[in-house]
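What follows is each chain in one-letter form.
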Amino acid sequence: MKSLNPKIPKVSITVILTLILLTSGFLSVLSINLSTAQSNNSEITFIKGSSGSTFVDTFNTFKSSYANAQTIISLVYPWLLMFSPDMNSLEPYLATSWDINLLNHTAIFHLNQNAKWSDGVPITAQDVVFSYNTYMQPWSHLKKWTSSITSVTALNNYTVKFTITGISFELLAIDLPIVPYHIWKNVNLTSYSGFSSGSTFVGGGPFLISSYTPSQSVVLVKNPNFWDPSLTPHVDKLIFQNFASSTSELAALESGEIDVAGISITDIPSVKNNTNLAIVGSPGSADHYLVFNQYPNGSGNPTLRDIHVREALAYALNISYLIQLGYKGYAIPGVSLVNPGNPFCNPYLKPWPYNVTLANKILDEYGYKYGSNGIRESPNGTPLIFNLWLPSGFTTDINLAPVMVKYWQAIGVKVNVQVFDSATLSALEVAYKHDMVIWDWNSMPNWPSELYVHLTSSIPEDNDAGYSNHTYDMLYNELMNATSITQAKIIAYEMQNLTYYALAYLNMYYPEYLTAYNIQKWTNINTSVVSQAGIFGFAPGIWNYLSVEPKTQVTPSEITPMSPIIIGSIIVIIVIILAVISYIVYKKKQSKKGKL
Amino acid sequence: MKPKEFHIYIYIGKKALYAIITVFAIISFNFLLFRILPGNPIEVLYRGAQLSPSAIDALYKQFGLNQPLWIQYFIYIKNTIIGNLGISYAYQLPVIDVLFPAIINSLILGIPATILGIYIGIWTGKIAGWKRNTMTDNLFTNISMILWAIPGYWLATLLILLIVLTGGVLPVSGMYTPGINYQSFFYRLIDLLKHLVLPLIVLTLLNYGQYTILMRNSLIDVTNEDYIISAKAKGVPDYLILNKHAMPNARLPIVSMIAINLGYLVGGLILTETVFSWPGVGWLIYSSILSRDYPVLQGAFLILAISIVISNFIADMIYLYLDPRIRYG
């Protein structure tokens, strides 16, 4: 069929009109400088990005488990003492002097008498006693941090006495946030969110919570009544902004929307190409381990209960190569659950070496002969075929898994790789259905707290290897009651010795926590801060939030506000254009009607 | 009551009943779906937190997970009916407080994107259909096909990259600039519009293709009808044939597609919202899946399902109005 005459519509006036309107609106929006939107545009604002599903659970210090929330809480409430940025010494904060006597099992703290809450109420011993007594409640998420405290009492308004049982008090319990008793006594402690919009937040740290938008952002402002001049921050506002994905977080960093962000290995080339940004690698605290299921009642391959099989599997892996390949060198080989930067990490243990010959020799020696299909079998005929399971978020390790499979192929072991979401994998592990799993634990920088994982009492929740050793359990109790750092170190070393040689885990590597920040805008950032979550993470990160300052001060005169006259002119121009077009359309329609 | 009216009421009643049954089935499925999966949210949220058994028990009680499944189900049904969607595991806030702002945010992005998509789609589809087998038709159809086929996250990422390379003329994420004390509502609106530009462009480009193709095909079908040839033979000008004779009939399939697509405005923008960190229902669903936040997921899926059921119901009603065959049985 012949097509109809395509004379019309050559131009759709309405579409042009719409496009003009949209373009004008778009240009108007672009031209308006938002810095003028602020009531006080000379404010210095520092923005830290984060991404993922765990932004802020609660601002209730007794119940919070998320890293961002804990960092924010550390900034708005004071602690008794602070660790130095390198975590090697204690420095005064709320307590100006102290005496920790492990032989007498007492610790006495003298509080700063000028310290005040943001509402002007003095910070007293009552606040400290209330906070620590609450931390010691069974429902508190930080109870384990206070396990070395027997009691806490106020000797007077500004003196607090703790009865303690071990050195872990000094390392774990000393920097817990203190909350205002006069506020918190009136709330239900187990359900209180710690901040509610519309009410004035009362804190005692260098910052105060100003606003919170769930899953999006938390805005902190400088505490105008902060009582310690030596810890006064240089920025007026501190914003924690959350992103749905690391891709948009990186884009925001690169476009200058945010000032600092954690980045992944795959982001490195892009960040390195951006001259505005610098990358800082912090000593890794996440132990990426390979767990062998050796639980006697588990349903995994039983050959993994044989230490010789585990040894062969460990010798067959070239960890250094995996680090280079997957982590571009930004990871440190591990030896135990205690990260290599932690003073409690056993310095005498060395990463398992790569030695295929030895691996094959061990298997030959202990009767694991090759079957007809090229896979070894145990003396009772169980083939060395294992599952290797990984959580879906571990992208780099998932990419490395095929390489590991090839390493194990070289010793006659077949491994099938499968990826699960973390909840499913967790359920499978608790039921001991796995053979091998790669996962991680985050360890503390100054205390070997993660050694609890291999306790018999941690079966089944966290002890995914199913490792059980009475001596290890006894040593853990001794560790918690150690009366000196030296004694604690000796015990921790011995515990790591036991698990290292038993291959409860193969602690493969500790990837570095990579932080990228804008070096064109910001200075005075201490890149040697030791923290589990990078140089801006957790309590040690507070040092950087306090010291960071802009390279050039932003003054109101530098910003040219867009006058209402310009905005008005844009609107008038748009209206005139619309009127002219409408007139033309009207005239055109009139003439067409006339022709008909 | 006249037979015709009776027939209409029966039709409406049937459709309404189907919608109610569908919603109830969705509510039940919604509950079961998240619980038949292995693992539980407490394990995920607090892995490695070294909580004491008392603290873990308290969390199970707080979220009602200590009850048998069938009791959890009845509590869920009862609470859903009275509008209580539970407490979010991850945010520790009532689900409705988390969900409601997200719905509004999704609509702020979704409505203009849909309107623009429909508008551009109908316009390009109309031209392509009218000028079929010409260069214009090929151009519009191919562009629509390409944009319709492109993965949304790829287009979004490309756009973000472009913005970053051009010095960040527009914000690439979020809905507002955090921490700004707006002097007036005007500045707040401007900030919102700036953040809206990129996701709006992406969604519009992704959306309009389907309307173009449908409009084009529908128009081609209609222009083959005898009454169009008659109109042409009578000397009716082409623009009148197109706008007064062909378009009213060609629009019918578009109407039902619009009605169905409107249902996806709430919760159907997962990829775009995730890439641009737009705090809508899509992002909420994404993050809640990662954290196994059952109450939020249940709430979000419920809202999504209800909006789709309602959209379908509306589409049925529009057809009742537009199509006499349904009215007269």
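Residues numbered from 1 in each chain as written. Chains lettered and ligands numbered in written order. Predicted model: local features only at pLDDT ≥ 70, side-chain atom pairs only at ≥ 80, totals over all residues. Heavy atoms only, no water.

### Digging into the overall build of chain B
- Secondary structure assignment for chain B yields 15 helices and 0 strands.
- In terms of overall dimensions, chain B has a C-alpha envelope of 85 × 65 × 40 Å along the principal axes.
- Counting the 329 residues in chain B, one finds 50% classified as buried.
- Long-range contacts, defined here as pairs at least 24 residues apart, represent 76% of the contacts in chain B between residues at least 6 apart.
- Counting every atom, chain B has about 15400 Å² of accessible surface; 70% of that belongs to carbon and sulfur.
- Of the side-chain charges in chain B, 21 are positive and 14 negative, and the distance between the mean point of each set is 5 Å. (Helix = DSSP H or I, 4+ residues; strand = E, 2+ residues; numbered from the N terminus. Buried < 20%, exposed > 50% of the residue type's maximum accessible area, 1.4 Å probe, protein only. Contact = heavy atoms within 4.5 Å. Areas by Shrake-Rupley, 256 points an atom, 1.4 Å probe, with all protein chains shown as cover. Lys, Arg positive; Asp, Glu negative; His and termini not counted. Charge placed at Lys NZ, Arg CZ, Asp CG, Glu CD.)

### What to know about the overall build of chain A
- For chain A, the count of helices and strands is 16 helices and 23 strands.
- Buried positions account for 55% of the 596 residues belonging to chain A.
- Counting contacts in chain A only where the partners sit at least 6 residues apart, residues at least 24 apart contribute 70% of the total.
- In the structure as shown, chain A presents an accessible area of about 24000 Å², 56% of it carried by carbon and sulfur atoms.

### Things to note about the pairing of strand β10 (residues 237-243) of chain A
Residues and elements named next belong to chain A.
- In terms of burial, β10 is largely enclosed, as 7 of its 7 residues are buried.
- Across the two faces of β10 the burial is the same, with Lys237, Ile239, Gln241 and Phe243 and Leu238, Phe240 and Asn242 all buried.
- In terms of strand pairing, strand β1 (residues 45-51) meets β10 through 7 bridges, oriented parallel. Bridging from a neighbouring strand, Ile47 pairs with Ile239 of β10.
- Sheet topology note: the strand β9 (residues 217-222)/β10 ladder contains 5 bridges and is antiparallel. Counterpart to Ser217 in the pairing with β10 is Gln241. (Pairing = 2+ DSSP bridges.)

### Comments concerning the sheet that holds strand β20 (residues 505-511) of chain A
All names here are of chain A.
- Pairing is mixed in the open sheet, where 6 strands are placed in the order β14-β20-β13-β19-β17-β18. The open sheet is flanked by β14 (331-333) and β18 (414-420), the only strands paired with a single partner. Geometrically, the sheet is characterised by an average inter-axis angle of 30° between neighbouring strands, direction not taken into account.
- Taken together, the 7 bridges between strand β13 (residues 286-292) and strand β19 (residues 436-442) define a ladder with antiparallel strand orientation. (Axes fitted to C-alpha atoms, helices over the stretch in contact; angles between N-to-C directions.)

### Some words on the pattern of salt bridges
- As enumerated under the stated definition, the model contains 6 salt bridges over all chains in all.
- One salt bridge connects Lys521 of chain A with Asp259 of chain A, and the closest N-O pair in it is separated by 2.9 Å. With Lys521 of chain A in the loop between β21 (513-518) and β22 (522-523) and Asp259 of chain A in the loop between α6 (246-254) and β11 (260-263), the pair connects residues that are 262 residues apart, well separated along the chain.
- Since its relative accessible area comes to 1%, Asp259 of chain A is described here as buried.
- Measuring nitrogen to oxygen at the nearest pair gives 3.8 Å for the salt bridge that ties Lys15 of chain B to Asp316 of chain B. Placement of Lys15 of chain B in helix α1 (residues 3-35) and of Asp316 of chain B in helix α14 (residues 294-322) is noted, with a sequence separation of 301 residues between them. (Salt bridge = Lys/Arg side-chain N within 4 Å of Asp/Glu carboxyl O.)

### Brief notes about the packing of aromatic side chains
Residue and element names in this part refer to chain A.
- Under the criterion given, the structure shown has 41 aromatic pairs over all chains.
- Between Phe46 and Trp522, the aromatic rings sit 4.8 Å apart at their centres with planes inclined by 90°, giving edge-to-face as the arrangement. Separated by 476 residues along the polypeptide, Phe46 in strand β1 and Trp522 in strand β22 bring together distant segments of the chain. For the residue pair Phe46 and Trp522, the accessibility class agrees, reading buried in each case. (Phe/Tyr/Trp six-rings, centres within 6.5 Å; stacked < 30°, edge-to-face > 60°.)

### What about a nonpolar patch on the surface?
Residue and element names in this part refer to chain A.
- Taken together, the side chains of Ile576, Val580, Tyr583 and Ile584 define a hydrophobic patch exposed on the protein surface, amounting to about 400 Å² of accessible area.
- With respect to the element layout, Val580 can be found in helix α16 (residues 564-595).
- Here Val580 falls in the partly exposed class, since its relative accessible area comes to 45%. (Patch = residues over 30% accessible without salt bridge, like charges linked within 9 Å, V, L, I, M, F, W, Y side chains within 5 Å.)

### Notes on helix α4 (residues 69-81) of chain B
All names here are of chain B.
- Taking 1.5 Å of rise per residue, 13 residues should cover 18 Å, and α4 covers 18 Å from first to last C-alpha, within 8% of that figure.
- Three or more residues of α4 are buried, namely Gln72, Tyr73, Tyr76, Ile77, Asn79 and Thr80.
- The first or second residue beyond α4 is Gly83, which carries a positive phi of 85°. (Expected span 1.5 Å × (residues − 1).)

### With respect to the packing of helix α6 (residues 135-149) of chain B against helix α8 (residues 185-223) of chain B
All names here are of chain B.
- Contact geometry of α6 with α8 gives a least axis separation of 8 Å together with a crossing angle of 135°. Taken together, the axes of α6 and α8 lie oblique to each other. α6 and α8 meet at a crossing whose hand is left-handed. Note on element contacts: α8 touches α6 through Leu205, Leu206, Tyr208, Gly209, Gln210, Thr212, Ile213 and Arg216, opposite Asp137, Phe140, Thr141, Ile143, Ser144, Met145, Leu147 and Trp148.
- In terms of residue class, the contact of α6 with α8 is built from 9 nonpolar, 5 polar and 2 charged. (Parallel < 35°, antiparallel > 145°, perpendicular 65-115°, else oblique. Left-handed = near helix turned anticlockwise from the far one by under 90°. Nonpolar A, V, L, I, M, F, W, Y, C, P; charged D, E, K, R; others polar.)

### Observations concerning the sheet that holds strand β7 (residues 159-164) of chain A
All names here are of chain A.
- Taken in spatial order, the 4 strands line up as β4-β5-β7-β6 in an open sheet, and their pairing is antiparallel. The open sheet has two edge strands, β4 (95-101) and β6 (149-156), and neither has a second partner. Strand-to-strand, the axes of this sheet are offset by a mean angle of 15°, without reference to chain direction.
- Sheet topology places strand β5 (residues 106-111) next to β7; 5 bridges connect them, and they run antiparallel. What sits directly across from Thr106, in β7, is Thr163.

### Examining the pairing of β9 of chain A
- Bridge analysis of strand β8 (residues 207-213) of chain A against β9 of chain A gives 6 bridges, and the strand direction is antiparallel. In the strand pairing of β9 of chain A, Phe207 of chain A is matched with Lys222 of chain A.

### Remarks on the confidence of the model for chain A
Residues and elements named next belong to chain A.
- Looking at chain A, the pLDDT average stands at 86 and 87% of residues meet or exceed 70.
- Averaged pLDDT values over the elements of chain A bottom out at 60 in helix α1 (residues 13-31) and peak at 97 in helix α8 (residues 307-315).
- This stretch, residues 1-11, has a pLDDT under 50; its non-local contacts, to residues over four places away or in other chains, come to 22 contacts.
- A low-confidence stretch, residues 554-563 stays under pLDDT 50, and its non-local contacts, those more than four residues away or across chains, total 19 contacts. (pLDDT = per-residue confidence, 0-100.)

### Regarding the side chain of Asn60 of chain A
All names here are of chain A.
- Assignment of secondary structure puts Asn60 in the loop between β1 and α2 (67-76).
- Owing to a relative accessible area of 0%, Asn60 belongs among the buried residues under this scheme.
- Within the structure, the side chain of Asn60 is placed 2.7 Å from the backbone oxygen of Leu189, a separation counted as a polar contact.
- Polar side-chain contacts of Asn60 include one of 2.9 Å to the backbone oxygen of Tyr192. (Polar contact = N/O pair within 3.5 Å; in protein donor to acceptor, adjacent residues only side chain to side chain.)

### Regarding the nonpolar core
- Of all hydrophobic cores here, the largest spans 226 residues; its most connected members are Phe162 and Trp408 of chain A.
- Here this core spans two domains, and each of domain 2 (47-283 + 514-550) and domain 3 (286-511) of chain A adds at least three residues to it.
- Formed by 16 residues, the second largest nonpolar core is a distinct cluster that contains Met215, Ala231, Ile254 and Ile258 of chain B. (Core = buried A, V, L, I, M, F, W, Y, C linked by side-chain atoms within 4.5 Å. Domains from an automatic or database assignment.)

### Focus: the environment of Thr499 of chain A
All names here are of chain A.
- Within the fold, Thr499 resides in helix α14 (residues 485-502).
- Taking the C-alpha atoms as reference points, Thr499 and His454, 45 residues apart in sequence, are found 7.9 Å from one another.
- Excluding anything up to four places from it in sequence, Thr499 contacts His454, Tyr467, Tyr472 and Ala504.
- Of the polar contacts made by the side chain of Thr499, one reaches the backbone oxygen of Gln496; its length is 3.2 Å.

### Quick notes on the packing of helix α13 (residues 281-291) of chain B against α14 of chain B
Residue and element names in this part refer to chain B.
- It is at 9 Å that the axes of α13 and α14 come closest, and there the two elements cross at 145°. The handedness of the crossing between α13 and α14 is left-handed. Residue-level contacts link Val281, Leu284, Ile285, Ser288 and Ile289 of α13 to Val296, Leu297, Ala300 and Phe301 of α14.
- Of the residues in the contact of α13 with α14, the class split is 8 nonpolar, 1 polar and no charged.

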